[in-house]
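Chain by chain, the residues run as shown.
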Amino acid sequence: MRPAFLINDLQNGGAERLVKDIAIQMGKYDDIDPIVILANDIGELKPELEASDVELISLDVDVSTTSIPSGVRALSALLQERDVDLVHSHLSFSHVIGRLACARRSVPHVATYHNVREHKTLAKQLAERATRPLSKRIVCVSEGVRQSYSNTKNMEVIYNAIDVETFNERVTEADTTGLELDLSDDTMILLNVARCVEQKRQQDLIEAMDYLAHDDIHLFIVGNGPRRSFLEELVAKKGLDDQVTVTGYVEAIEPYYAIADVFVSSSSMEGLPTTHIEAMAAELPIVSTNIPGVREIVKEGTNGFLSAVGEPRMLSSRIELVIEEGHSFGKHGYDLARSQFSIDSIAEQHVKLYREINNRSVTYT
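Below is a short write-up of the structure.

Calculation notes
Residues numbered from 1 in each chain as written. Predicted model: local features only at pLDDT ≥ 70, side-chain atom pairs only at ≥ 80, totals over all residues. Heavy atoms only, no water. Helix = DSSP H or I, 4+ residues; strand = E, 2+ residues; numbered from the N terminus. Rg over C-alpha atoms; globule rule 2.2 N^0.38 Å. Buried < 20%, exposed > 50% of the residue type's maximum accessible area, 1.4 Å probe, protein only. Areas by Shrake-Rupley, 256 points an atom, 1.4 Å probe, with all protein chains shown as cover. Lys, Arg positive; Asp, Glu negative; His and termini not counted. Charge placed at Lys NZ, Arg CZ, Asp CG, Glu CD. Disulfide = S-S within 2.5 Å. Pairing = 2+ DSSP bridges.

1. Here we look at the overall build of the chain
Then step 1. What the chain contains, in helices and strands, is 14 helices and 13 strands.
Then step 2. Here the chain has a C-alpha radius of gyration of 21 Å; the compact-globule value for 365 residues is 21 Å, and the two agree.
Then step 3. Once the C-alpha set of the chain is aligned to its principal axes, its extents read approximately 65 × 40 × 35 Å.
Then step 4. For the chain, with 365 residues in total, the buried portion stands at 55%.
Then step 5. When the accessible surface of the chain is summed, it comes to about 15,900 Å², and 45% of that surface belongs to carbon and sulfur atoms.
Then step 6. Positive and negative charge centroids in the chain, built from 36 and 56 side chains respectively, lie 12 Å apart.

2. Observations concerning the state of the cysteines
Then step 1. This structure, assessed with the given rule, holds zero disulfides.
Then step 2. The cysteine Cys 140 is free of any disulfide, with Cys 102 supplying the nearest cysteine sulfur at 18 Å.

3. Here's the deal with the pairing of strand β1 (residues 3–7)
For a regular strand, the rule is simple: side chains alternate between the two faces of the sheet.
Then step 1. Most of β1 sits inside the fold, with five of its five residues counted as buried.
Then step 2. Alternating positions in β1 separate into two faces, Pro 3, Phe 5 and Ile 7 on one and Ala 4 and Leu 6 on the other, with burial throughout.
Then step 3. In the sheet, β1 pairs with strand β4 (residues 86–90) via five bridges, with the strands oriented parallel. In the sheet register, Ala 4 faces β4, and the bridge partner there is Val 87.

What follows is the structure, encoded as structure tokens:
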């Protein structure tokens, strides 16, 4: 069986990492020959996929509304050339061109929704709604994502995942030289890994630093984005330059997980955040927000604590609780990640779905 994964590009995001990891995992099956199709031939994750046995193809089209017709034509031509059994798309642009091209070539289509419905712009919602009936099945990365849609017909939940054991090994072996800066061995390190965008609300983490009773704490915000300068200005305004570091884009994330003591998030909206799974794979306790998707990862009092969105004081109290009570949270989180969010089990669920769809397609014919 040859499934084709379709995604906008391979920049370092949760959806992109999932496609890369699932494709590589499926490539280990004797009877599965996956390919990955990019709309645009860019992305930091390309080298890892190119080093595997998975074929990587680019349509070389821009990811924009005006490029939808050219994207459909390019994908349709590719599907005519290749013996593809099914196309599985990720992210809105790829959903639209994937559905239209698959309908043209009578190839089954599957879509994965990575975010709750409210996250999409109106234009994306309209395009998605118009083409949704063309998908044989829609996979949601969490129950929270599925429940955000009023019509859940043909929707099922398959969680996001990572290669938990491999990620744990990379964290353990990571070179942390220079990351500690002038921090003492007793410094408690908080880690946030997220793009600097409004949805992530990292300003709440910075505000929370004012309420922490522990003085020797340092917060690393690892990520880039349009609100980075705003966050840096807030840090300076509050006189927290010695306690908060906004790193911008980094080549390797594992060293930051290696030096961290607690993973923190203040996001207002998530599907099923891969960074939280990475934190569990790195054996870190988690303090995050009480929102759909996150609630399926963070079990209160077991691997972390939850806080209301937009409440820095509550965030700080939950961080204090983890410092005082969370000595076993990291181990529990790692066990949970291995049992529910490992790439091998999630890949197997995808393969089962593909086989079911292909068998149905044969029956219909």
